[in-house]
Amino acid sequence: MKIFTAPLFAALLLGALSLSAAAQEKPQQITIGYQKANIFALLKYRGTLEKALAPQGIKVRWIEFPAGPQMLEGLNVGSIDLAATGDAPPAFAQAAKADLVYLAHSPPSPKTEAIVVPQDSPIKTVADLKGKRVALNKGSDVNYLLVSALDQAGLSYKDITPVYLPPSDARAAFQRGSVDAWAIWDPFYAEVQTHANARLLKDAEGLVPHYTFYLASRHFADTYPDSAKQVIQQLSELSDWANAHQEEAAKILAQSTGLEQAIWAKAIARMPFGSQRMTPEVFSQQQRLADRFTAIGLLPVKVDINAARWSEDK
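Residues numbered from 1 in each chain as written. Predicted model: local features only at pLDDT ≥ 70, side-chain atom pairs only at ≥ 80, totals over all residues. Heavy atoms only, no water.

(A) Up close: the side chain of Arg-171. Structurally, Arg-171 can be placed in helix α7 (residues 167–176). Residue contacts for Arg-171: discarding those within four places in its chain leaves Trp-182, Glu-191, Val-192, His-195 and Ala-196. (Helix = DSSP H or I, 4+ residues; strand = E, 2+ residues; numbered from the N terminus. Contact = heavy atoms within 4.5 Å.)

(B) Here's a closer look at the sheet that holds strand β8 (residues 181–185). The strand order across the open sheet built from five strands is β7-β6-β8-β5-β9, with neighbouring strands paired in mixed fashion. Each end of this open sheet is capped by a strand with a single partner; those strands are β7 (161–164) and β9 (199–203). Adjacent strand axes in the sheet meet at a mean angle of 30° when their direction is disregarded. When strand β6 (residues 133–136) meets β8, the two strands line up parallel, connected through two bridges. Looking at the pairing, Val-134 lines up with Ala-181 of β8. Sitting on the sheet, helix α6 (residues 141–152) touches β5 (113–117), β6, β7, β8 and β9, and the angle it makes with β5 is about 65°. Strands β5, β8 and β9 of the sheet are contacted by helix α8 (residues 188–195), whose axis makes an angle of about 130° with β8. (Pairing = 2+ DSSP bridges. Axes fitted to C-alpha atoms, helices over the stretch in contact; angles between N-to-C directions.)

(C) Main features of the packing of helix α4 (residues 68–77) against helix α5 (residues 88–95). At a minimum axis distance of 9 Å, the contact between α4 and α5 shows a crossing angle of 45°. Taken together, the axes of α4 and α5 lie oblique to each other. The way α4 lies across α5 gives a crossing that is right-handed. Across from Gly-68, Pro-69 and Leu-72 in α4, the residues of α5 making contact are Pro-89, Pro-90 and Ala-93. Along the lines of polarity and charge, the residues of the contact of α4 with α5 split into five nonpolar, one polar and no charged. (Parallel < 35°, antiparallel > 145°, perpendicular 65-115°, else oblique. Left-handed = near helix turned anticlockwise from the far one by under 90°. Nonpolar A, V, L, I, M, F, W, Y, C, P; charged D, E, K, R; others polar.)

(D) Spotlight on helix α12 (residues 261–269). Residues of α12 that are buried: Ile-263, Trp-264, Ala-267 and Ile-268. Down the axis of α12, the buried set is contained in an arc of 130°. They therefore lie on one face. When the buried face of α12 is taken as reference, the exposed residues oriented beyond 90 degrees from it are Ala-262 and Ala-269. Contacts from the buried residues of α12 go to α8 and α11 (246–257). (Buried < 20%, exposed > 50% of the residue type's maximum accessible area, 1.4 Å probe, protein only. Arc of directions from axis to C-beta.)

(E) Geometry of the domain arrangement of the chain. As far as domains go, the chain holds domain 1 (29–108 + 211–313) and domain 2 (113–203). Measuring from the centre of the C-alpha atoms in domain 1 to the corresponding centre in domain 2 gives 25 Å. Taking both sides of the interface into account, the surface hidden between domain 1 and domain 2 amounts to around 1600 Å²; carbon and sulfur atoms contribute 65%. Where domain 1 meets domain 2, there are two salt bridges. Among the ionic pairs, Arg-292 bridges to Asp-151, the shortest N-O distance being 2.8 Å. Inspection of the region where domain 1 meets domain 2 yields seven residue pairs in polar contact (both at pLDDT 80 or more). (Domains from an automatic or database assignment. Buried area = accessible area lost by both parts, 1.4 Å probe. Salt bridge = Lys/Arg side-chain N within 4 Å of Asp/Glu carboxyl O. Polar contact = N/O pair within 3.5 Å; in protein donor to acceptor, adjacent residues only side chain to side chain.)

(F) Expanded view of the UniProt feature "domain: Solute-binding protein family 3/N-terminal" (unreviewed entry) in the chain. Residues annotated by UniProt as "domain: Solute-binding protein family 3/N-terminal" (unreviewed entry) correspond here to residues 29–249. Within residues 29–249, the helical portion is 42% and the strand portion 23%, while the C-alpha atoms at the span's ends are 26 Å from each other. (UniProt positions renumbered as here; feature names shortened; annotations may be inferred.)

(G) Examining the environment of Ser-275 more closely. Mapped onto the elements of the fold, Ser-275 is located in the loop between α12 and β11 (276–277). Judged by relative accessible area, Ser-275 falls into the partly exposed class, the value being 21%. In the structure, Ser-275 is positioned 171 residues away from Ala-104 in sequence and 6.2 Å away in space, judged by C-alpha atoms. Once you skip the residues sitting within four places of it in the chain, Ser-275 turns out to touch Ala-104, His-105, Tyr-214, Ile-232, Ser-236 and Ser-239.

(H) Structural context of the pairing of strand β3 (residues 82–85). On β3, burial covers both faces: Leu-82 and Ala-84 on one face and Ala-83 and Thr-85 on the other are all buried. Examined bridge by bridge, β3 and strand β10 (residues 213–217) share four bridges and lie antiparallel to one another. Paired with Leu-82 across the bridge in β10 is Ala-216.

(I) Structural view of the layout of surface pockets. Approximately 900 Å³ is the volume found for the largest pocket. The wall of the largest pocket is formed by 40 residues, among which Gln-35, Ala-37, Asn-38, Trp-185 and Asp-186 lie closest to the centre. Looking at the lining of the largest pocket, the elements that each hand over two or more residues are α4, β3, α7 and α11. Broken down by element, the lining of the largest pocket gets its largest block of residues, three residues, from α4. Of the residues that constitute the lining of the largest pocket, the class distribution is 20 nonpolar, 16 polar and four charged. Residue assignment places the lining of the largest pocket across two domains, with domain 1 (29–108 + 211–313) and domain 2 (113–203) each supplying three or more. (1 Å grid on protein atoms, 1.4 Å probe; cavity = no way out; pocket = protein on both sides within 12 Å on 5 of 7 lines; lining within 4 Å. Points joined across faces, edges and corners; volume = space filled by probe spheres on them.)

(J) Structural view of unusual backbone geometry. Residues Asp-186 and Pro-187 are joined by a peptide bond in cis, for which omega reads 10°. Mapped onto the elements, Pro-187 comes out in the loop between β8 and α8. Despite not being glycine, Lys-97 shows a phi value in the positive range, around 75°. Within the element layout of this structure, Lys-97 appears in the loop between α5 and β4 (100–105). Even without being a glycine, Asn-197 presents a positive backbone phi close to 55°. Tracing the backbone shows Asn-197 in the loop between α8 and β9.

Structure follows, in structure tokens:
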């Protein structure tokens, strides 16, 4: 029979607790929110994340959402652990007290969102939008594009009539002529160019950078930092593949969304994939977005974007 001294017993107990804590550092399952048209859809359809996590006994569960705001609501209530959205939804989520963190972001892709008008429209410049009806998804990235474009043209948000519609309804309104312009993003932008001969009025080039942000609930990121980093690493590897195999990526996203492969090929050609570490400049850009939305009354409170910085990045 072995007899342990108190110091030795304490050391053994501490070691056992450390091993237990280490065993708990990996989740049994990671739940990811995705939209049919974003990078997580590519990751889901390729199955590479599951293959990478399987040796660790970690399963992946996917939950589809129609748009970024609903997805970040799911992140806030704990139904998902990770998500990818554009610039605006995280700011609105923070205003609603969502405890999220920014893990990483894509390269800027300002050519993937635009304000379009019918081909025969008399509207030639953004200044011509004064008094016009503009369709857009409220609180989306293109909301910020529209505000910034109006600012540049010397107009205010009150100078136009925003018509808040999800993309499918906005597409129908644009086709009917019940709106004068549409602020939209890819692949819907590529689709309306292809099938409705829409004319580009202004894209985000020179106005806003337009990122995709990879986000997590703070609880998940702080509890399982290694797993969060592993997902980002898989997104980085997927991005390298997608940039080098655009035709195959377009085929996968066509299957995911039901849009033609040619439309996705047009969208992907102006959509660089990637995963980059968050920087002070990107946080500052997000803060400017939030402050502008607060100034025009779309955000009810001032948002501190820096509060969503992940401790692993500090």
